[in-house]
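# Structural overview
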Amino acid sequence: MDWKLWWKAAGIRALKTIAQTAASTIGTSAVFWEVNWSLVGGASLLAGVLSLFTSLAGLPEVEMAKKQTITHADPEEDDLK
């Protein structure tokens, strides 16, 4: 497995999950100054960690990259087409 690619893909997914969780948690407050920031931070970080754990099951981005690498492993093959 290409761990560098996995960490990149899993990290991007985790950051998106963190941002989405923060946005939805902030949105539960009636006004901005009543936001419980420790709750936002804790929930967002937990969501990011859970996203990384979920990524251990597999990432479509990594699987697609593997297939593309296998398909285009021989550069001379492209010249024959």
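Quantities reported herein were computed from a predicted structural model and do not represent experimental measurements.

### Structural notes on helix α1 (residues 3-26)
Taking 1.5 Å of rise per residue, 24 residues should cover 34 Å, and α1 covers 34 Å from first to last C-alpha, within 8% of that figure. Those residues of α1 that sit buried are W6, A9, A10, A14, T21, A22 and T25. Where α1 begins, the capping side chain belongs to D2, and its oxygen is found 3.4 Å from the backbone nitrogen of K4.

### Regarding the nonpolar core
Among the nonpolar cores identified, the biggest contains five residues, and these are W6, A9, A10, L59 and V62. It is α1 that contributes the most residues to this core, three residues altogether. Each residue touching L59, except ones within four places of it in the same chain, is listed here: W6, A9, A10 and R13.

### Quick look at the packing of aromatic side chains
In the structure shown here, the tally under the stated rule is three aromatic pairs. Here the aromatic rings of W3 and W6 are separated by 5.8 Å at their centres, their planes lie at 70°, and the arrangement is edge-to-face. In this pair, W3 and W6 are both assigned in helix α1, three residues apart and thus about one turn of the helix distant. For W6, a relative accessible area of 5% puts it in the buried group.

Criteria and thresholds
- Residues numbered from 1 in each chain as written.
- Predicted model: local features only at pLDDT ≥ 70, side-chain atom pairs only at ≥ 80, totals over all residues.
- Heavy atoms only, no water.
- Helix = DSSP H or I, 4+ residues; strand = E, 2+ residues; numbered from the N terminus.
- Expected span 1.5 Å × (residues − 1).
- Buried < 20%, exposed > 50% of the residue type's maximum accessible area, 1.4 Å probe, protein only.
- Polar contact = N/O pair within 3.5 Å; in protein donor to acceptor, adjacent residues only side chain to side chain.
- Core = buried A, V, L, I, M, F, W, Y, C linked by side-chain atoms within 4.5 Å.
- Contact = heavy atoms within 4.5 Å.
- Phe/Tyr/Trp six-rings, centres within 6.5 Å; stacked < 30°, edge-to-face > 60°.

Interpretation note: all reported values are geometric properties and have no functional meaning in isolation.
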